[in-house]
Amino acid sequence: MAIRVPDMRPDVVPPHLWFIVSAVFHYLGPACAVLLFPAVGVLGVAGLRIASAAMIFAVLTRPWRTFHQSGPADRALLLGLGLCLAGMNTAFYLALDRLPMSLVAAIEFVGTVGVALCGLRSGRNLLALVLAVLGVALMIDVRWASDPVGLGWAALNGALFVLYILLGHRAASGGGAGGIARLGAAMTVALIAVAPLALPAVVTILDRPILLLAGIGVGIASSVVPYVCDQLAMARLPRVSFALLLSLLPASATVIGVVVLAQLPAWRDLAGVALVMAGVGLHRPPTADDHVRARGRAP
């Protein structure tokens, strides 16, 4: 009896599954980063993350060919996305060095709510967004901080995260494979931007292979796997749907804590996960008819 092998082509796998894979790896990367903070510093970790990811993408996507085959508009997109990735990752680590993760996550989520609000076309989707926001508020249990520098880095990271969503969707518009090739080229731009941070960090740990491997692990877990999965999801999901799905990140962190770290969640964590899942399940992506009605052209 023949065994049927599931079709795992990117255009066949549900886009929500790609997003779930991305969400899981978003929280595996920081585990490696913790090992590197004392050895190479916050900026060093940011540089190593981008440098290792850029080298992997260079092998897989040959970014020089993407630049050569791109027109002026596409090259501007690659430049903008690359600079965005460099600034976002650096600001993220600088914020984490001063503020709790919950507060950084809350400020980051504010921007994604704005993206989702801009794309709402129905009361059903508005209710879905409200449920997701309430769920995230329960899970992250934000406590305000009085560190203006840390808050500034967190705000910058949140703004750049919104820009990443916008530019990432433009990069993915040509399809999964094209989007990944553009991502590889953008990561090369990011590497050039953070080279002053990455090179000194690499030099200091060349004789410490475990730390070097940890840096590569950070790049793979934080910038290769999740960004590739983001592209595969963005290619098939409307921007508003992707923005709402980002509310799953705190929920996935709670689940990972239970499975990997045996950290049993409190009642508010379970309630938050339930609200987020309800919001995501209730959401319906805008259809062509929705866009027509929004423009006032419906009969």
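Being a predicted model, the structure only gives us computed values, none of them experimental.

Participant: Can you explain the overall build of the protein chain? Please cite residues and give values.
Facilitator: Looking only at helices and strands, the protein chain has 13 helices and 0 strands in total. Taken from the N to the C terminus, the helices and strands of the protein chain come in the order α-α-α-α-α-α-α-α-α-α-α-α-α. Taking all 299 residues of the protein chain together, 47% fall into the buried category. When the accessible surface of the protein chain is summed, it comes to about 14,600 Å², and 70% of that surface belongs to carbon and sulfur atoms.

Participant: Report on the nonpolar core, specifying residues and quantitative values.
Facilitator: Leu-81, Leu-85, Met-88, Tyr-164, Met-187 and Tyr-227 are the most contacted members of the largest nonpolar core, which has 36 residues in total. Only helix 1 (15-26), helix 2 (29-61), helix 4 (72-96), helix 7 (148-172), helix 8 (176-204) and helix 9 (209-234) provide two or more residues apiece to this core. Judged by nonpolar contacts, the second largest core, of 21 residues, contains Ala-95, Ala-154, Ile-205 and Val-218.

Participant: I'd like a rundown of the confidence of the model for the protein chain, residues and numbers included.
Facilitator: When pLDDT is averaged across the protein chain, the result is 75; 61% of the residues are at 70 or more. For the protein chain, the element scoring lowest by mean pLDDT is helix 13 (residues 288-294), at 45; helix 4 scores highest, at 91. Note on residues 288-299: pLDDT is under 50 here. Beyond four places in sequence and across chains, it has 9 contacts.

What counts, and at which threshold
Residues numbered from 1 in each chain as written. Predicted model: local features only at pLDDT ≥ 70, side-chain atom pairs only at ≥ 80, totals over all residues. Heavy atoms only, no water. Helix = DSSP H or I, 4+ residues; strand = E, 2+ residues; numbered from the N terminus. Buried < 20%, exposed > 50% of the residue type's maximum accessible area, 1.4 Å probe, protein only. Areas by Shrake-Rupley, 256 points an atom, 1.4 Å probe, with all protein chains shown as cover. Core = buried A, V, L, I, M, F, W, Y, C linked by side-chain atoms within 4.5 Å. pLDDT = per-residue confidence, 0-100. Contact = heavy atoms within 4.5 Å.

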